[in-house]
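# Examining the three-dimensional arrangement
If you want the building blocks of each chain, they are given just below.
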Amino acid sequence: MRLTVQRKLYGGFGATVALLLILGVIAYSSLASVTASTADVSTSATMDDAAMSMIIALLEGMDTESMALIAGYDAELGTAFEESVVAFDDALATLMTEGNESVQAAATVADGYHTEFQAAVLRTFELAQAGDIDAARVNSFSSTDSAIGSAFDALDGVETAVEAFGDDALSSAESTSSTSETLVIAISVIAVLAAAAI
């Protein structure tokens, strides 16, 4: 059956509208996927900052203990140590809220060693406050050093998990973009061929 000019025009217009709808759906789903992946990349940066804040908090805690061993304990050192603990806990909360299971597991391990570190430093403070600096030094070498080493090792694990989270998000965004480009090109070629056939 021969197609009239009117039917050819209707068919061409209908095919064009259908292809435009398909392109719209692809563009919308791709944009949503890229947006989600971009949000994950941003979350990764936030978690990386949190991991760095935990490291800084540990270093500040170590500094307060060192000052107690050198100059003796005073209330200001106790306050400074508490502030470092709060900073660590705030950063930990960010990781537990924003992170995936891998990040949360690594952060939980780091928190356990940080708890040991807190106990060791508080014991050093107690001994230094009592005037027993020698015992405070022994406690620092035997307890604090072990806990801080383990805590830093655990934080290396946190940074590795956060980096993997960010790499996955970036890879997902790149993959979605590449797939979308391929589909748009393929549909555009189909549209041109369909128009030529009509």
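Everything below is about the structure shown above.
Summarised in this report is the structure supplied together with it. Predicted model only: the values in this text are computed from it and were never measured.

Now for helix α2 (residues 75-98). Between the first and last C-alpha of α2 there are 35 Å, a value that for 24 residues agrees with the 34 Å anticipated at 1.5 Å per step. Every buried residue of α2 is accounted for by Leu77, Gly78, Phe81, Ser84, Val85, Phe88, Ala91, Leu92 and Leu95. The backbone nitrogen of Glu76 lies 3.0 Å from a side-chain oxygen of the residue at the head of α2, namely Asp74.

Looking now at the packing of α2 against helix α3 (residues 101-129). Their axes nearest at 10 Å, the elements α2 and α3 cross at an angle of 170 degrees. In this view, α2 runs roughly antiparallel relative to α3, as classed from their interaxial angle. Contacts from Leu77, Gly78, Phe81, Val85, Phe88, Asp89, Leu92, Leu95 and Met96 of α2 reach α3 at Val103, Gln104, Ala107, Thr108, Ala110, Asp111, His114, Phe117, Gln118, Val121, Leu122 and Phe125. Taken together, the residues of the contact of α2 with α3 sort by class into 14 nonpolar, 5 polar and 2 charged.

Quick look at the pattern of salt bridges now. Under the defined criterion, the tally for this structure stands at 2 salt bridges. Between Arg137 and Asp134 there is a salt bridge whose closest N-O contact spans 3.7 Å. One end of the pair is Arg137 and the other is Asp134, both in helix α4 (residues 133-197) and 3 residues apart, which spans about a single turn.

Let us look at a nonpolar patch on the surface. Judged by side-chain polarity, Phe13, Val17 and Leu21 come together as a nonpolar surface patch covering roughly 320 Å² of accessible area. The residue Val17 is located in helix α1 (residues 5-71) in this model.

Before going further, it helps to spend a moment on the environment of Val103. Looking at where Val103 falls in the secondary structure, it is placed in helix α3. In this structure the C-alpha to C-alpha distance between Val103 and Thr160, which are 57 residues apart in sequence, comes to 8.6 Å. Not counting chain neighbours up to four residues away, the residues in contact with Val103 comprise Met47, Leu95, Ala161 and Val162.

Further remarks concern a negative patch on the surface. Where like charges cluster on the molecular surface, the negative patch consists of Asp48, Asp49, Glu163, Asp167 and Asp168. Where the negative patch is concerned, the elements lending two or more residues are α1 and α4. Its place among the elements puts Asp49 in helix α1. Look at Asp49 and you get exposed, because its relative accessible area is 51%.

For the rest of this paragraph, the subject is the packing of aromatic side chains. Enumeration over the complete set of coordinates arrives at 3 aromatic pairs. Residues Phe81 and Phe125 carry aromatic rings whose centres are separated by 5.6 Å and whose planes lie at 85 degrees to one another, so their mutual orientation is edge-to-face. A residue pair is termed long-range when its members are at least 10 positions apart, and Phe81 in helix α2 and Phe125 in helix α3 qualify at 44 residues. Phe125 sits in the buried class, given a relative accessible area of 4%. By the ring-pair criterion, three or more aromatic residues cluster together here, those being Tyr73, Phe81, Phe117 and Phe125.

Conventions we followed
Residues numbered from 1 in each chain as written. Predicted model: local features only at pLDDT ≥ 70, side-chain atom pairs only at ≥ 80, totals over all residues. Heavy atoms only, no water. Helix = DSSP H or I, 4+ residues; strand = E, 2+ residues; numbered from the N terminus. Expected span 1.5 Å × (residues − 1). Buried < 20%, exposed > 50% of the residue type's maximum accessible area, 1.4 Å probe, protein only. Polar contact = N/O pair within 3.5 Å; in protein donor to acceptor, adjacent residues only side chain to side chain. Axes fitted to C-alpha atoms, helices over the stretch in contact; angles between N-to-C directions. Parallel < 35°, antiparallel > 145°, perpendicular 65-115°, else oblique. Contact = heavy atoms within 4.5 Å. Nonpolar A, V, L, I, M, F, W, Y, C, P; charged D, E, K, R; others polar. Salt bridge = Lys/Arg side-chain N within 4 Å of Asp/Glu carboxyl O. Patch = residues over 30% accessible without salt bridge, like charges linked within 9 Å, V, L, I, M, F, W, Y side chains within 5 Å. Areas by Shrake-Rupley, 256 points an atom, 1.4 Å probe, with all protein chains shown as cover. Lys, Arg positive; Asp, Glu negative; His and termini not counted. Charge placed at Lys NZ, Arg CZ, Asp CG, Glu CD. Phe/Tyr/Trp six-rings, centres within 6.5 Å; stacked < 30°, edge-to-face > 60°.

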